[in-house]
Every structure is written in C-alpha cells, then in structure tokens.
Amino acid sequence: MMVRRTRYARDPLGLKRALSDRLLPGLVAAMALLAALALAGSRGAEALRHRWEAGAAAAVTVQLPPEQAGRMDQALAVLRAMPEVESAEAVNPERMRALLRPWLGPAVDDGMAALPLPAVMELRLVNPDIDPSPLAARLAEAVPGAELEAHGIWVARLAALAGSVQGVALAVLALVVGVAVAVVAVATRAGIAARREAIEIFHDLGATQRDIAGRFARRIGALAAGGALAGAALAVPALIALSSLAAPFAGGEAVTIAALPWMDLALLPPVAGAIGWATAQFSVRRWLRRLP
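Residues numbered from 1 in each chain as written. Predicted model: local features only at pLDDT ≥ 70, side-chain atom pairs only at ≥ 80, totals over all residues. Heavy atoms only, no water.

Quick look at a nonpolar patch on the surface
Together, Leu158, Leu161 and Val165 line one region of the surface with nonpolar side chains, adding up to about 240 Å² of accessible area. Of note, Leu161 is situated in helix 8 (residues 152–194). (Patch = residues over 30% accessible without salt bridge, like charges linked within 9 Å, V, L, I, M, F, W, Y side chains within 5 Å. Areas by Shrake-Rupley, 256 points an atom, 1.4 Å probe, with all protein chains shown as cover. Salt bridge = Lys/Arg side-chain N within 4 Å of Asp/Glu carboxyl O. Helix = DSSP H or I, 4+ residues; strand = E, 2+ residues; numbered from the N terminus.)

Quick look at the pairing of strand 3 (residues 119–125)
Counting buried residues in strand 3 gives five out of seven residues, a clear majority hidden from the surface. Note that strand 2 (residues 85–90) and strand 3 share five bridges and pair antiparallel. Along strand 3, the bridge assignment pairs Glu89 with Glu122. (Buried < 20%, exposed > 50% of the residue type's maximum accessible area, 1.4 Å probe, protein only. Pairing = 2+ DSSP bridges.)

Looking at the pattern of salt bridges
Using the criterion set out here, one finds four salt bridges in the structure. Notably, a salt bridge pairs Glu89 with Arg80, separated by 3.5 Å at the nearest N-O pair. For the salt bridge of Arg215 with Asp211, the shortest nitrogen-to-oxygen distance reads 3.4 Å. Within this pair, Arg215 and its partner Asp211 are both found in helix 10 (residues 209–246), separated by four residues, close to a single helical turn. The exposure class assigned to Arg215 is partly exposed, which follows from its relative accessible area of 22%. According to the relative accessible area criterion, Asp211 is partly exposed, its value standing at 28%.

Here's the deal with the environment of Leu268
Its location among the elements puts Leu268 in helix 11 (residues 262–288). A residue is classified by how much of its surface remains accessible, and Leu268, at 11% relative accessible area, is buried. As a C-alpha pair, Leu268 and Ala36 span 232 residues in sequence and 7.8 Å in three-dimensional space. Apart from the residues lying within four places of it in its own chain, the contact partners of Leu268 are Ala32, Ala35, Ala36, Leu39, Ala228 and Ala232. (Contact = heavy atoms within 4.5 Å.)

Structure (structure tokens):
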C-alpha cells in the first residue's frame, strides 16, 4: 500500500500509463533517423560543392594527339611559361589506367600498350575564372593539334546539383520537424483524453496550469529525447554505409568514424526533448484554458 501511495504521489496524473513509453519514442526515433540523414546529406552536399569548386574548377586538361605525344615536354614548357598557369604536369600511365578502368574494365590493363591514346596533361590555373580560350590558342600555335579543355561548365552544373540536393535535404529536415511537432501534439491530446478526469480533479484541488502542463511536458520531453537518442544511434551505421557509397565523389577518401557529423547527432536528443517539452506545454495550457 505504501508503494502505491508513493507512486501516485510522484505521478498523481498517471501519465506513465497514459503516455506510452514505446509508441512515442519509436516514432521520434524514426524521425530522428530521418533528421540525421537529412543533416548529413546537407553537409555532405555542401562539402562536395566546395571541393568541386575549389579543385576541379581550377583544373584544365590538355591533350596531344598520339602522333604528337613526343612533344609533351615542349607543350609542358610552353604551358609552364604562361603566367596564368600555376602548375602543369603530365598524367602518368598508372593514372590513365585508373581513369579508363571504369569505362574499359580489366581489359585496359592488358591492352593499354596497344591503344592509340593521346598524351594528357593536367593544368591548374592561378584563377579559376580565367578564360582558357587564349591559352588554347597560344598552345595550338606552339604545338599543333593540342586541345585544351576546361571543366568550369561541368563544375558549375555539379555545384548547382549539389546545391539542389542540399536544399532538398533542408526541406526534408523542416518537414521532419513539422511532423514531430504534430506527433507530439497528438500524443499529448491522447494523454489528456485518457486522464481527463484526473486532470480536472487535480485542477479543482488547486493545481495551476503551470504545474499540470509541466508534468506533461517533462514526461513527453523525456520520451522524445530518449527516442531521438535511439534514432541517432541507428543513424551511425546508416551514415557509414552512405559515406562509403559517396566516397568516389569525394576523391576516394576512406570513411572514418571521426568524419561522421557527431555534433549534429549529439544535438538531436536535446532538440527533440525541447520540441516535445514546448509542444506539450502549449497543447496542455491551451486545453486547460477551456476548463471553468
């Protein structure tokens, strides 16, 4: 008997029975997982955009036809003498095989010597905004048949695509937050409906709106934070898998645990708890105003 009295003293409204500790945390965990993926997608798209703009935008490719491959040193000397060129290097056969392997498959290793491939050089310009057309004209005069190709147009398109992906990820994050608020509001109303009589008696005995709303808010905030913690934990292996798939677009860099957005994952539980607490406060206070 003493145990029951102590329990009711700590939870006079019976919120532990009215507000399930399984359904609401499970829904919040699913939304936290989606939020973590959206945040990681947004940050990943932003990082790729900066990488492409800072790297590939300043890179230029020069090709010499196979019959002019012996004049590579001359072409490099001409390019390195241009003030607009920061560096000029020949692409070695190993790099050429790596670039062609996705298109030609393992056969590129066996038939590389038999293929009439052009000689390829990579340039890095001092300023990515430099018009490469004058450079191409000067190079063609010195080495007939040389072709210069800038990647600025493709980089601009890739950057626009990355920006679109980032915008979609942020929109998904906003949608997840809106759904979370709606779910918490519905759960709060269900709890109010389940404990309506107890709330009215508690209110008639002198309990203030602040006290009643605070009990709901603390319970729902704790459930939401716990669910978000579980969702953040589930997001870790998912983010590792997605990062491995995106590694080729980031230069083939290996995925490490330290590279994950730990700060965003750590913020999910307190943010979810705050959303649950604020939504419960608003919903309960709004309902209590209708009481006589």
